[in-house]
Amino acid sequence: MLIGYARVSTAEQSLALQQDALAHAGCERTYTDVISGATDAREGLDAAFDYLRAGDVLVVWRLDRLGRSLQQLIDRVTTLDARQVGFRSLTEAMDTTTCGGRLVFHMFGALAEFERGIIRERSKAGLAAARARGRVGGRRRQVTDAEAAEMRALLAAPHASVRAVCERFGRSRSTVYRYAPAPTWGPAPELPTPTAHDPGA
């Protein structure tokens with residue numbers, strides 16, 4: 001059985017062109033979504049996947065109706081293949097139920113894997129170059145060692161004010177606490193010794 005799937009991004013766009021093309025291709029049932037392709041959760045697509053059975057073929061008007069990225073498209077077609085469900089795209093004339101269509105799909109998969117490999121190699125090369133220059137990965141420090149030392153010195157003084165330090169360095173309280181933790185501040189003021197008449201004695 002041929003099952004169609006159509007999608008448009010906004011309510012202002014019409015599904016009619018896709019629905020007509022899918023009906024002409026012989027789809028007995030068509031599921032639809034009005035949602036951005038960048039959104040993973042799609043009620044219509046989920047319903048189509050639930051309805052599909054082994055031997056069925058999911059048909060779309062164009063490849064980008066099923067997946068926004070190459071990897072997303074490959075993942076979804078791979079899921080269909082694992083369930084023995086075919087996939088067909090009318091515009092690109094791609095059909096995984098044929099030898100030629102399966103070859104094209106495997107080429108897509110190889111290209112996606114090649115792209116991921118290139119990205120990994122570039123990332124590793126960038127990190128290696130950064131380490132060679134004395135830099136390490138991770139979030140950049142907001143406060144220099146000299147500023148942190150000055151913060152600690154100011155907070156160690158009598159009557160130190162965290163607010164004044166924040167204003168002086170233009171930092172938030174959480175940043176000041178991170179780089180100048182409380183144990184480095186000045187000693188806490190001594191409390192008066194309780195007397196016999198003191199209720200707290």
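Bear in mind that the values here come from a model prediction, so they are computed numbers and not experimental data.

Overview of the confidence of the model for the protein chain
Consideration 1: Across the protein chain, pLDDT averages 81, with 84% of residues at or above 70.
Consideration 2: Mean pLDDT per element in the protein chain: helix H4 (residues 99–132) is the minimum at 76, and strand S3 (residues 57–60) is the maximum at 96.
Consideration 3: In this model, residues 186–191 is a region of pLDDT below 50 whose contacts with residues beyond four sequence positions or in other chains number 2 contacts.

Here we look at the pattern of salt bridges
Consideration 1: On inspection of all chains with the given rule, the structure shows 6 salt bridges.
Consideration 2: The salt bridge partner of Arg65 is Asp64, with a shortest N-O separation of 3.0 Å.
Consideration 3: With a relative accessible area of 28%, Asp64 lands in the partly exposed category.
Consideration 4: Note that Arg88 and Asp95 form a salt bridge whose closest N and O atoms lie 3.1 Å from each other.
Consideration 5: It is possible to trace a salt-bridge network through shared partners that takes in Arg62, Asp64 and Arg65.

A short note on the environment of Glu150
Consideration 1: Here Glu150 lies in helix H5 (residues 145–156).
Consideration 2: The exposure class of Glu150 is partly exposed, given its relative accessible area of 31%.
Consideration 3: Put simply, Glu150 and Phe169 are 19 residues apart on the chain and 9.9 Å apart in space, counted from C-alpha to C-alpha.

Here's the deal with the side chain of Thr175
Consideration 1: Topologically, Thr175 is positioned in helix H7 (residues 173–179).
Consideration 2: Under the relative-accessibility criterion, Thr175 is labelled buried at 5%.
Consideration 3: Apart from the residues within four sequence positions on either side, Thr175 is in contact with Gln142 and Val143.

A short note on the nonpolar core
Consideration 1: The biggest cluster of nonpolar side chains holds 19 residues, and the ones touching the most others in it are Leu58, Leu66, Leu80 and Phe87.
Consideration 2: At the level of secondary structure, the elements contributing two or more residues to this core comprise strand S1 (2–8), helix H2 (43–51), S3 and helix H3 (70–82).
Consideration 3: Element by element, the count of residues in this core is highest for H3, at 4 residues.
Consideration 4: Beyond its immediate sequence surroundings of up to four residues, Leu80 is in contact with Phe49, Leu52, Leu58, Val85, Gly86 and Phe87.
Consideration 5: One finds Val165, Cys166, Phe169 and Ala180 within the second-largest nonpolar core, a separate group that totals 11 residues.

The rules behind the values
- Residues numbered from 1 in each chain as written.
- Predicted model: local features only at pLDDT ≥ 70, side-chain atom pairs only at ≥ 80, totals over all residues.
- Heavy atoms only, no water.
- pLDDT = per-residue confidence, 0-100.
- Helix = DSSP H or I, 4+ residues; strand = E, 2+ residues; numbered from the N terminus.
- Contact = heavy atoms within 4.5 Å.
- Salt bridge = Lys/Arg side-chain N within 4 Å of Asp/Glu carboxyl O.
- Buried < 20%, exposed > 50% of the residue type's maximum accessible area, 1.4 Å probe, protein only.
- Core = buried A, V, L, I, M, F, W, Y, C linked by side-chain atoms within 4.5 Å.

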